[in-house]
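Chains, contacts and geometry: an overview
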Amino acid sequence: MQQLRSKATELLLREEWKQSVQVYSHFINLCQQQIVQATHDSPQLSKLNKSLCLAFSNRAEARSRLRDLNEALVDCEEALKIETAHFKALLCKGKILLSLNRYSMALDCFRATLMEAHASGNLESVNGFLEKCKKLEYQSRTGAFDLSDWILNGFHGKSPELAEYIGPVRIKKSEISGRGLFATKNIDAGTLVLVTKAIATERGILSDEDSSEKVQLVMWKNFIDKVKERISKSQRTHHLISTLSSGENEDELDVPDTCLFKPETEESSHSTQEIDMGRILSILDVNSLVEDAVSAKVLGKNRGLYGVGLWILASFINHSCSGNARRTHVGDNIIVHVSRDVKAGEEITFAYFDTLVPLEKRKEMSQSWGFNCSCKRCKFEEGMSSKSKQELREIEMGVERGMDVGSAVYRMEENVKRWIVRGKEKGYLRASFWKAYSETYGTERLMKRWGRRIPAVEGAVDSVAETVGSDERLLKILKTNGRGMVEMERATKLAKGVYGKLVKKQALRSLLEMDIC
Ligand SMILES: C[S@@+](CC[C@H](N)C(=O)[O-])C[C@H]1O[C@@H](n2cnc3c(N)ncnc32)[C@H](O)[C@@H]1O
């Protein structure tokens, strides 16, 4: 036993985790056998128990390094059954709970180690964990995230650690398709609705066109392998992924309780169903997101970096061509915020693809995603009279063939008046032809010619932002046409919709100036 113990410790120190787990397991077995045979209350029994406790906590450490977190947690519990305040076991348990995003339970563990940490000279490192844990626990409770410092430092260093957070939203049946995410109260533009960590991500640099497809294929394979590994190591992950749509009979799928996705929800209630890899692959096909989509901001990334990932709760968000939310990626986190004011009960939707384009283009895009878009904007545009649709197609084709974009905007506005299209619907049509609007507003020559016959830039920007949500291209036009402080204020409001309430005013201005929008 002595030899086994030394060997296991040596392997642990050499960071040979797998072998160390094996040797500790052997040692633990022997130790448990001897405990059964030892005399009650004997000094030998207490020595054996001490060794067993340490072995459990060391095996927990090795298992946690291998990301076998659940097994590692069980080991910590075993160690703590023997010695309720065992420093190493408590510290290891705290670290595991922290990486499982169970902040308040982790906080309890770190607090329980404080006395021993003080006595053994480990106070500084324990305090480090405590502070981190407190910050994350606060974020996950309040949704108060602040990336200002990181942004003002030019995204220097590692991306900030963010807590998982579920805001005022719940999963419900959707009129669009299957299940969707819905606001449970009125939410104002920029408010965060969720922050979740990816189950797995895969990133790579895409260089020239030729190699990028191959690189993407390899990345997709690696990504699938990572998801497989995560599923094999956690029944909870497997169960949560299984709640997602595989694209078939979506309207018949169960509506899971939103609480299920809270990190604190216990593992034990899940069945040990077999992994159906075919279904998992379909689920990944339907639900994986790329990080550099038009509707996503990726903060702090290098140019050319391409990433794919699976974020479970965000996977319940349906697409809409008049979406009210956007996503931002920071490290492995997805942050979803509303990009315009949202009423209680409204479905939270974001754009899977660029929606500042005409209906036909959007139809092609949604079909390439495997569905026919049934959002309100598409329904409205499809429901217009065939004469009006023909007129819109002509303008669209005219713009494609190089027609004067100013005259396209003028024709659009005249049509909108003639067809008596008002409010939101006006915004829908302007959004469909935004390319022509933005080129007109952004070109001095065109503004000289058409400026007085078309609406002011602010009005057009507002109507589009109110219907399809804030977008960096709207911001850009405001910036080029901006006239002093009023536009700066309007731009700041729009920027909140683009980036979410993640930064204070100064950092928001810095983002605006960086021109990443
Ligand atoms: C990421 S899932 C969204 C959540 C899904 N509705 C569910 O019940 O799990 C994507 C799938 O939802 C459906 N979907 C999303 N947006 C849609 C839309 N605008 N129109 C029709 N179907 C949509 C499509 O079947 C798509 O493949």
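Quick summary incoming for the structure in this document.

Reading guide: rules and limits
Residues numbered from 1 in each chain as written. Predicted model: local features only at pLDDT ≥ 70, side-chain atom pairs only at ≥ 80, totals over all residues. Pairing = 2+ DSSP bridges. Helix = DSSP H or I, 4+ residues; strand = E, 2+ residues; numbered from the N terminus. Buried ≥ 20, exposed ≤ 12 C-beta atoms within 10 Å, placed from the backbone. Near = placed C-beta within 6 Å. Nonpolar A, V, L, I, M, F, W, Y, C, P; charged D, E, K, R; others polar. Domains from an automatic or database assignment.

**So, the sheet that holds strand 9 (residues 318–319)**
Ordered by their spatial adjacency, four strands build an open sheet running 2-3-12-9, and the pairing between neighbours is mixed. Two strands in the sheet have a free side with no partner beyond their single neighbour: strand 2 (169–173) and strand 9.

**Considering the sheet that holds strand 1 (residues 165–166)**
Whenever strands of a sheet pair, they do so through backbone hydrogen bonds, lying parallel or antiparallel. Strand order in the open sheet made by the five strands is 1-4-11-10-7, with mixed pairing throughout. Pairing within the sheet leaves two strands with one partner each, and these edge strands are strand 1 and strand 7 (296–298). As defined by bridge partners, strand 10 (residues 325–330) adjoins strand 11 (residues 333–338) across six bridges and the pair is classed as antiparallel. Note on strand 11: the bridge partner recorded for V330 is N333.

**Quick look at unusual backbone geometry**
When glycine is set aside, most residues are seen to have a negative phi, and most peptide bonds are trans. A positive phi is found at D41, a non-glycine position, where the angle reads about 65°. Mapped onto the elements, D41 comes out in the loop between helix 2 (17–37) and helix 3 (43–65). The phi dihedral of N249 falls on the positive side, at around 40°, and the residue is not glycine. Here N249 lies in the loop between helix 10 (235–242) and helix 11 (277–287). The exposed category is assigned to N249, around which 9 C-beta atoms lie within 10 Å.

**Describing the pairing of strand 4 (residues 192–197)**
Counting buried positions along strand 4 gives five out of six residues, so the element sits mostly inside the fold. Looking at chain direction, strand 1 and strand 4 are connected through two bridges and run antiparallel. In the sheet register, I166 faces strand 4, and the bridge partner there is L194.

**Concerning the site of the ligand**
Neighbouring the ligand are 23 residues; S177, G178, R179, S245 and N318 lie closest to it. Counted by class, the shell around the ligand contains eight nonpolar, 13 polar and two charged residues. No fewer than three residues from each of domain 2 (152–350) and domain 3 (359–514) sit in the shell around the ligand.

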